[in-house]
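# Overview (structure and organization)
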Amino acid sequence: RMMRKNMKSASPTSFRLTEKFILLLVFSAFITLCFGAIFFLPDSSKLLSGVFFHSSAVETNTRTGTDSDSNVAVGTEEKILTKIRKDHEKALVEAKDTLQKRPDEIKQDIQDEKDKMMTFAWDSYKRYAWGSNELRPVSKQGHSSNLFGSIKGATIVDALDTLYIMEMFEDFDMATEWVEKNLDFNVNAEVSVFEVNIRFVGGLLSAYYLSGKEVFRRKAIELGEKLLPAFKTPTGIPWALLNLKSGIGRNWPWASGGSSILAEYGTLHLEFMHLSKLSGNPAFAEKVMNIRKVLNRLEKPQGLYPNYLNPNSGQWGQHHVSVGGLGDSFYEYLLKAWLMSDKTDEEGKKLYYEALQAIETSLMRKSSGGLTYIAEWKGGLLEHKMGHLTCFAGGMIALGADGAPEDKTGHQMEQASEIARTCHESYARTTLKLGPEAFRFDGGVEAIATRQNEKYFILRPEVIETYMYMWRFTHDPKYREWGWEAVQALEKHCRVEGGYSGVRDVYASSPNHDDVQQSFYLAETLKYLYLLFSDDDHLPLEHWVFNTEAHPLPAGRFDGRLDSPVLESLT
């Protein structure tokens, strides 16, 4: 368009054939450069902004040309051509410099960016909310969810292993000192057994296995002992809520007739097995193995596990089934219990693959547009909705594919890649390029949130988690590209002056921040991003199993000694 304007501004006799050829050549080079910058340069946005800035200035200059003064027009054209050549050469040098970088240098640039993200998130928490559970990054103050009762320091404990893995050792030592002096579980308050287990117990266990510091082992066992009264029910299925001082438990009032929730009582196994190993107290392992016994006695509708189970009667509540919220990590922990046991927990393996088969048969569907999704099941009827939380399933299925029965490994890897693509689409189809809390496949829409209360994004990790696993198992570069897209969206729309905030509507033209930097952003989202761009031998998956809060626990023949080869693999 620019060159057509230039040519209109000159008389018909102004251009010789050679000049036309040069103009055509330059124009072709310019177009090639733009496309190359868009598709191949890691920092193409800066380069393109420079190129387009120069071209717009050139376009402005051409508007002063007139048909009546051909000599002036020719002179102007020569100046323009000279300027274009210089801009072209400069851009080409920049492009060449970038493209000549070795892949490890480019990867290091990306790794540095995510190091900066963790540093900024952590420094903001230190500055404005130190000791509080979480940070309000817009109002620059502490924030506490009632999930933790009056226990403090959720972000500190959740971030311990991330700090260690990313070699932020000064900050790790500061966090360790806070745990030693200030982490107190002697509180007269009600906590979520599930949340306290995955964040606090899981975080302390990982910090112990990574660093060898005794304080973490001691604190993990102390907290585990305080959670044991939750299992004092007629069936041994634990309560959702527990007063840590009185030991009195209850369930969420909204949960189907006083039921316990599958994802909550089913997401204790990994941590409690490790607590028994580290404490020598078999009670922890016995409690979680008993949960399996109760479930084994029950009839599963179509092989599925309903989200609700009454801890008094031992019977299912409403027949709602989900691989997202209320169900998700139960399935994850069946698989990971088997992997963590050096593949000796045959019961866990059998339960996982049977459940996955039921999920494939009854819940997994493909949209008319070719997107595979996992629907929700309510009393036999499918709701064609998939939650952001459900997006972890791509990574889970990939992790379990190698052990799949009857040569189903390839089939399960294909399922995993299709789920990863669907979840990427849920991000790509929003304005902010961040995924909604839930997205639907009905009423003519696909992978889009249609309800206002499902359009928010709270810094969740599940999509990036799946990218990380898919990268580790396939090395398909698209997973790193998709991860980098998420980094750019987080930086553009979630980063505020005082940290990182969730947003209320991912389809809005500009972000409306919810003013919470979730502890899991540091524990999970930033850790999975870091590992996505790390070498495979950094926390290798054959030696480490991540709990559902991304806290790595040693797997296989690990014997609890800190000179184990498992731990040496980190260094």
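Residues numbered from 1 in each chain as written. Predicted model: local features only at pLDDT ≥ 70, side-chain atom pairs only at ≥ 80, totals over all residues. Heavy atoms only, no water.

Defined as follows: UniProt positions are given in the numbering used here, feature names are shortened, and annotations may be inferred rather than shown by experiment.
By the naming in an unreviewed UniProt entry, the protein chain is alpha-1,2-Mannosidase, taken from Oncorhynchus kisutch. On record in UniProt, under Cofactor (unreviewed entry), the comment for the protein chain is "Ca(2+)". Here is the UniProt Sequence similarities (unreviewed entry) comment for the protein chain, exactly as written: "Belongs to the glycosyl hydrolase 47 family."

## Some words on empty space enclosed by the protein
Stated precisely, the cut-off is as follows: Lining residues are those with an atom within 4 Å of a point, where the points come from a 1 Å grid over the protein atoms alone and group into cavities, where a 1.4 Å probe fits but cannot get out, or pockets, open sets with protein on both sides within 12 Å along at least five of seven lines. Grid points are joined across faces, edges and corners, and a volume is the space filled by probe spheres set on the points. For helices the rule is a DSSP run of H or I covering at least 4 residues; for strands it is a run of E covering at least 2, with both sets numbered from the N terminus onward. Amino acids are sorted into nonpolar (Ala, Val, Leu, Ile, Met, Phe, Trp, Tyr, Cys and Pro), charged (Asp, Glu, Lys and Arg) and polar (every other residue, Gly among them).
Scanning all chains against the criterion turns up six cavities of 30 Å³ or more. Quantified by volume, the largest cavity comes out at close to 120 Å³. In terms of lining, the largest cavity is formed by Tyr265, Gly266, His269, Val288, Ile291, Arg292, Leu295, Tyr305, Phe330, Tyr333, Leu334 and Leu351. Of all the secondary structure elements, the ones that give two or more residues to the lining of the largest cavity are helix H12 (283-297) and helix H13 (328-340). Ranked by residue count, the leading element in the lining of the largest cavity is H12, at four residues. Broken down by class, the residue content of the lining of the largest cavity amounts to nine nonpolar, two polar and one charged.

## Comments concerning the nonpolar core
For the record, the criterion: We define a nonpolar core as any set of buried Ala, Val, Leu, Ile, Met, Phe, Trp, Tyr and Cys residues linked to one another through side-chain atoms lying within 4.5 Å. When accessible area is computed with a 1.4 Å probe and restricted to protein chains, residues below 20% of their type maximum are described as buried, those above 50% as exposed, and intermediate ones as partly exposed. Here, two residues are considered to be in contact whenever any of their heavy atoms come within 4.5 Å of each other.
Among the nonpolar cores identified, the biggest contains 162 residues, and Val179 and Phe200 are the most heavily contacted of them. By residue number, the principal contributor to this core is helix H8 (residues 193-211), which donates 12 residues. The contact partners of Phe200, leaving out residues within four places of it in the chain, are Asn133, Phe148, Ile151, Lys152, Gly153, Ala154, Val157, Leu183, Phe185, Glu195 and Leu223.

## Topic: the packing of aromatic side chains
The following threshold applies: Only Phe, Tyr and Trp rings are paired, with Trp represented by its six-membered ring, and only when their centres lie within 6.5 Å; those with planes under 30 degrees apart are stacked, over 60 edge-to-face, the remainder tilted. Charge-over-ring contacts are defined here by two conditions on Lys NZ or Arg CZ: a distance within 6 Å of the ring centre and an angle within 35 degrees of the ring normal.
The final tally for this structure, using the stated rule, is 25 aromatic pairs. With 6.0 Å between their ring centres and 70 degrees between their planes, Phe439 and Phe441 make a pair best called edge-to-face. Grouping residues by exposure puts Phe439 and Phe441 together as buried. In textbook terms, an aromatic cluster arises when at least three aromatic residues are bridged by ring pairs, as seen for Tyr164, Phe169, Phe172 and Phe216. The lysine or arginine in question, Lys219, covers the ring of Phe185, its NZ or CZ lying 6.0 Å from the ring centre. Over the aromatic face of Phe120 sits the side chain of Arg495, whose NZ or CZ is 3.7 Å from the ring centroid.

## Considerations on the pattern of salt bridges
Operational definition: Whenever Lys or Arg places a side-chain nitrogen within 4 Å of a carboxyl oxygen from Asp or Glu, that contact is recorded as a salt bridge.
By the definition in use, this model includes 24 salt bridges. Between Glu214 and Arg217 there is a salt bridge, with the nearest N and O atoms lying 2.7 Å from each other. Of this pair, Glu214 and Arg217 are both found in helix H9 (residues 214-227), three residues apart, which corresponds to roughly one turn of the helix. Using a relative accessible area of 38% as the deciding quantity, one classes Glu214 as partly exposed. Asp476 is paired through a salt bridge with Lys478; the nearest N and O atoms lie 3.9 Å apart. With a relative accessible area of 27%, Lys478 lands in the partly exposed category. Through salt bridges that share partners, Glu134, Glu195, Arg199 and Glu549 make up one connected network.

## A word on the UniProt feature "active site" (unreviewed entry) in the protein chain
Put simply, the rule reads: The term polar contact refers here to a pair of N or O atoms within 3.5 Å; inside protein, the definition further demands a hydrogen-donor-capable atom paired with an acceptor-capable atom, and it admits residues adjacent in sequence only when both atoms are side-chain atoms.
Under the UniProt annotation, the feature "active site" (unreviewed entry) is placed at Glu195, Asp328, Glu437 and Glu462. Relative to the helices and strands, Asp328 is located in helix H13. For Asp328, a relative accessible area of 12% corresponds to the buried category. Setting aside residues up to four positions removed in sequence, Asp328 forms contacts with Ala263, Ser322, Val323, Leu389 and Phe392. In this structure the side chain of Asp328 is engaged in a polar contact, spanning 3.5 Å, whose partner is the side chain of Ser329. Positionally, Glu462 belongs in helix H17 (residues 462-474).

## So, the sheet that holds strand E8 (residues 320-321)
Where we set the bar: Two strands qualify as a pair provided that DSSP identifies no fewer than 2 bridges between them.
Across the sheet, which stays open at both edges, the three strands sit in the order E8-E11-E12 with antiparallel pairing between neighbours. If you trace the sheet from one side to the other, it starts and ends with E8 and strand E12 (381-383), each paired once.

## Let's talk about the side chain of Thr176
Relative to the assigned elements, Thr176 resides in helix H7 (residues 169-182). A relative accessible area of 6% means that Thr176 is categorised as buried. Apart from the residues lying within four places of it in its own chain, the contact partners of Thr176 are Leu160, Lys213, Val215 and Phe216.

## Regarding the UniProt feature "binding site: Ca(2+)" (unreviewed entry) in the protein chain
Sites flagged by UniProt as "binding site: Ca(2+)" (unreviewed entry) map to Thr548. Inspection of the secondary structure assignment puts Thr548 in the loop between strand E17 (544-546) and strand E18 (552-554). Contact partners of Thr548, with chain neighbours within four places excluded, come to Phe194, Ile198, Thr267, Ser329, Glu332, Tyr333 and Glu524. Among the polar contacts listed, one links the side chain of Thr548 to the side chain of Glu332, at a separation of 2.9 Å.

## Topic: the sheet that holds strand E3 (residues 190-192)
Definition in use: Geometry is summarised by axes, namely lines fitted to C-alpha atoms with helices restricted to the contacting stretch, and by angles between N-to-C directions that run from 0 to 180 degrees.
Spatially, the three strands line up as an open sheet ordered E3-E4-E5, and their pairing is antiparallel. Each edge of the open sheet is held by one strand with a lone partner, namely E3 and strand E5 (249-250). Pairing geometry for strand E4 (residues 241-243) and E5, over two bridges, is antiparallel. If you follow Leu242 over to E5, its bridge partner there is Gly249. Each of E3 and E4 is contacted by H8, which is oriented at about 65 degrees to E3, the strand it contacts most.

## Considerations on the environment of Ile397
Secondary-structure assignment places Ile397 in helix H15 (residues 392-401). Sequence separation between Ile397 and Ser417 is 20 residues, and the spatial gap between their C-alpha atoms is 9.3 Å.

## Focus on unusual backbone geometry
Phi is positive for Glu406, close to 55 degrees, though the residue is something other than glycine. Within the fold, Glu406 resides in the loop between H15 and helix H16 (409-428). Phi at Ala550 is positive, roughly 65 degrees, even though this residue is not glycine. Summarising the element assignment, Ala550 is placed in the loop between E17 and E18.

## Some points on the packing of helix H11 (residues 269-279) against H13
Test applied: What sets the label is the angle itself: under 35 degrees gives roughly parallel, over 145 gives roughly antiparallel, 65 to 115 gives roughly perpendicular, and the rest give oblique.
Axis separation between H11 and H13 bottoms out at 9 Å; the angle between their running directions is 30 degrees. The orientation of H11 relative to H13 falls into the category roughly parallel. Counting all contacts with H11, which are made through His269, Leu270, Glu271, Met273 and His274, the residues of H13 involved are Tyr333, Lys336, Ala337 and Met340. Tallied by class, the residues present in the contact of H11 with H13 amount to five nonpolar, two polar and two charged.

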